[in-house]
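# A structural walkthrough
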Amino acid sequence: MPMLFLPADTSKMMQSKKKRLDFLTKNYMEGSQQKLEQLWNNQYSQRQKLTEQYSQQVSSARQQWETEAQRAEDQEEKLNNMKRQQQKIFQQLKVAHKQKLKTVKELYKQYIKNIEEMDRSHETFLQGAQQELKKDMASLQKKILADMKQQEMAGVRESLQSMLF
């Protein structure tokens with residue numbers, strides 16, 4: 001391969017072109033780097049802004065969810081308390097109902113016992129009254145017979161006295 005010798009002007013021109021190419025490349029690279037940095041900064045800023053918005057939205061949604069969860073938990077506790085109170089009231093009503101039913105049964109038994117006792121007492125009283133009435137009737141019958149005898153005797157005496165006198 002033959003060596004080419006370039007004239008000095010050509011060499012200077014090449015050096016000048018090389019310097020110019022280096023200068024343009026350097027400027028282009030610096031400009032590109034600035035554009036890339038600016039683009040990166042813009043993208044970073046947009047991402048950061050989007051991340052902040054998302055974080056705020058998520059935080060807000062989480063707070064609402066926690067508030068609603070707490071409210072639901074409170075409501076559940078209230079419902080459980082109401083349920084316990086209602087069960088307690090039903091239990092008390094059941095006990096009171098059983099007690100009243102027991103009282104009514106006892107009153108009914110006492111009523112039946114009193115009725116039976118009164119029936120026996122009335123029966124005894126009626127039997128006693130019948131016996132007394134029979135005695136009184138027998139006594140009255142005796143008195144009537146005695147009075148009749150007396151009247152007959154008085155009538156017979158008067159007849160005898162009128163016949164004798």
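Refer to the structure presented above.
Throughout this document, residue positions are counted from 1 along each chain, in the order its sequence is written. Owing to the predicted nature of the model, reporting of local features is limited to residues with pLDDT of at least 70; listing and counting of side-chain atom pairs is limited to 80 or more, with chain, interface and lining totals taken over all residues. Side-chain measures were taken over the full set of non-hydrogen atoms in the model, leaving aside hydrogen atoms and water.

### With respect to the pattern of salt bridges
When a carboxyl oxygen of Asp or Glu is within 4 Å of a side-chain nitrogen of Lys or Arg, the pair counts as a salt bridge. Applying the stated criterion across every chain, the model contains 2 salt bridges. A salt bridge links Glu 66 to Arg 62, with the shortest nitrogen-to-oxygen separation between them at 3.2 Å. Of the two residues, Glu 66 and Arg 62 both sit in helix 1 (residues 8-164), 4 residues apart, roughly one turn of that helix. Note on Glu 66: relative accessible area 39%, which makes it partly exposed. Overall, the relative accessible area of 44% leaves Arg 62 in the partly exposed class. By definition, any uninterrupted DSSP run of H or I lasting at least four residues is a helix, any uninterrupted run of E lasting at least two residues is a strand, and each is numbered from the N terminus. The buried label goes to any residue with under 20% of its type's maximum accessible area, the exposed label to any with over 50%, and the partly exposed label to all in between, with areas taken from a 1.4 Å probe on protein chains only.

### Some details on a nonpolar patch on the surface
A cluster of nonpolar side chains, Leu 140, Ile 144, Leu 145 and Met 148, forms an exposed patch at the surface whose accessible area comes to about 380 Å². Note that Ile 144 resides in helix 1. The partly exposed category is assigned to Ile 144, whose relative accessible area is 44%. Like-charged residues are merged into a patch within 9 Å and nonpolar side chains (Val, Leu, Ile, Met, Phe, Trp, Tyr) within 5 Å, provided each residue has over 30% relative accessible area and no salt bridge. Under the convention used here, a 1.4 Å probe and the Shrake-Rupley method define accessible areas, while residue burial counts only the protein chains that appear.

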